[in-house]
Amino acid sequence: MIAWTMAHLGEFELIERYFARPARRAVLGVGDDCALLVPAEGMNLAVSTDMLVDGRHFLSTVAPDRLGHKALAVNLSDLAACGARPLAFTLALALPQADPSFLAGFSRGLYAIADRHGCELVGGDTTRGPLTIAITVFGEVPAGGALLRSGARPGDELYVSGTLGDARLALEVFRGNAAASSEAFARVRRAMEEPQARVDLGIALRGVATSAIDVSDGLAGDLGHILRRSGVGGVVDVDALPRSADLAAQSEAWQRECLLAGGDDYELVFTAPADRRSAVAAAASTSGTAVTRIGRIEAGAGLRFVDGAGREVIGPAASFDHFRRDPVGPAP
Ligand SMILES: [Mg+2]
């Protein structure tokens, strides 16, 4: 049984129908007030919460199953950035109405990614209101073994997984600021709506990476968190940044904007000592994740950008900040 606490939604049966499944791993009392989780011996519990709000974190045009996927993926991405293995999650859902076709699609997408990562829904809450999805994930990581933002050291090399910028490109096509063929748009839209959490890579990087963060607000801003927390500076080769063929077909200015300040990528950016290149390659291979070396950590502070020839280039305006920029309004 799932430990749901119900608010004043009349459609209790609907919620039970779409979200109640027998618990497998969690230790909890049937119909009790709390889910009880027991991490394995020697492991720390890793906990993270992310909230998605209609019109701010997703567009109303998104298919319900993709929204279910993304709601959990963005949370799993935070576990990945810590090198934690997913265990369980809770779901708090505000719905304008209990629409059976929305709930069927949403729960299908949610459970598909949950099952893929062995992450179990153990509780939640629901109420009537503007569509809002808040998920808290619980994972486990060896005590003292979590990947942190604070461990980067001068001389470390900088890496990123996958490709960057497609989600932002999709948003700009939606906004009418960029153009793409219908096939290209379908691909970048999928990157925006169905991001992959790099959980296996994060786990494989335990003991290899010296710091890590997931790219949710844009590479420049998120890497800035590592630099500040570690008390170091960094240099990124913008020409080395991995990008899809669809993004590479855009203008140089759009490419740099999407690569450096795009947001919603959910790739991992991490650092590792220069003599651990083969260990990074092994982690990439074990996890089946492409990893690209994009720069290095240096003494000092701040982030510099260079091109492939080593010339300094100007960085992006600002990384994504939900309180400063309207994600579905006009481009800055
Ligand atoms: Mg994060």
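The shown structure was predicted, so the numbers you read here are calculated from the model rather than taken from an experiment.

Draft legend 1. Seen up close, the coordination of the magnesium ion. Within the protein, the magnesium ion binds to Asp78 (OD) and Asp214 (OD); these donor distances fall in the range 2.1 Å. Highlighted residues: Asp78 in helix α2 (residues 64–82) and Asp214 in strand β7 (residues 211–214), separated in sequence by 136 residues. Asp214 gets classed as buried once you look at its relative accessible area, which sits at 3%.

Draft legend 2. View of helix α3 (residues 100–116). In this model α3 runs 24 Å from its N-terminal to its C-terminal C-alpha over 17 residues, within 8% of the 24 Å that 1.5 Å per residue would give. Those residues of α3 not exposed but buried are Phe102, Leu103, Gly105, Phe106, Ser107, Gly109, Leu110, Tyr111, Ile113 and Ala114. Of the residues flanking the start of α3, the one acting as N-cap is Asp99, its side-chain oxygen 3.0 Å from the backbone nitrogen of Ser101. Once α3 ends, the next one or two residues include Gly118, with phi positive near 60°.

Draft legend 3. Region of interest: the environment of Arg198. Inspection of the secondary structure assignment puts Arg198 in the loop between α5 (182–193) and α6 (199–204). Put simply, Arg198 and Leu268 are 70 residues apart on the chain and 6.9 Å apart in space, counted from C-alpha to C-alpha. What Arg198 contacts, discounting residues up to four positions off in sequence, is Ala80, Ser161, Gly162, Tyr266, Glu267, Leu268 and Thr289. Polar contacts involving the side chain of Arg198 include one to the side chain of Glu267, which spans 2.8 Å.

Draft legend 4. View of the pattern of salt bridges. Overall, the coordinates contain 16 salt bridges when judged by the stated rule. A salt bridge links Arg198 to Glu267, with the nearest nitrogen and oxygen atoms 2.8 Å apart. Of this pair, Arg198 sits in the loop between α5 and α6 while Glu267 sits in the loop between α9 (252–261) and β9 (268–272), and the two are 69 residues apart along the sequence. Of the charged contacts in the structure, one is a salt bridge between Glu298 and Arg304, with a shortest N-O distance of 2.9 Å. For Glu298, a relative accessible area of 18% puts it in the buried group. Take Arg304: its relative accessible area is 29%, and that puts it in the partly exposed class. One network of salt bridges, with partners in common, ties together Arg66, Arg189, Arg190, Glu193 and Glu194.

Draft legend 5. Representation of the side chain of Thr289. If you trace the backbone, Thr289 turns up in the loop between α10 (277–287) and β10 (291–298). Once residues within four sequence positions are removed from consideration, Thr289 is found in contact with Ser161, Arg198, Leu201 and Ala284.

Draft legend 6. Spatial organisation of unusual backbone geometry. A positive phi is found at Asp264, a non-glycine position, where the angle reads about 65°. The topology assignment puts Asp264 in the loop between α9 and β9. Despite not being glycine, Tyr266 shows a phi value in the positive range, around 55°. Topologically, Tyr266 is positioned in the loop between α9 and β9.

The rules behind each value
- Residues numbered from 1 in each chain as written.
- Predicted model: local features only at pLDDT ≥ 70, side-chain atom pairs only at ≥ 80, totals over all residues.
- Heavy atoms only, no water.
- Donors = N, O, S within 2.8 Å, 3.2 Å for Na, K, Ca; no water.
- Helix = DSSP H or I, 4+ residues; strand = E, 2+ residues; numbered from the N terminus.
- Buried < 20%, exposed > 50% of the residue type's maximum accessible area, 1.4 Å probe, protein only.
- Expected span 1.5 Å × (residues − 1).
- Polar contact = N/O pair within 3.5 Å; in protein donor to acceptor, adjacent residues only side chain to side chain.
- Contact = heavy atoms within 4.5 Å.
- Salt bridge = Lys/Arg side-chain N within 4 Å of Asp/Glu carboxyl O.

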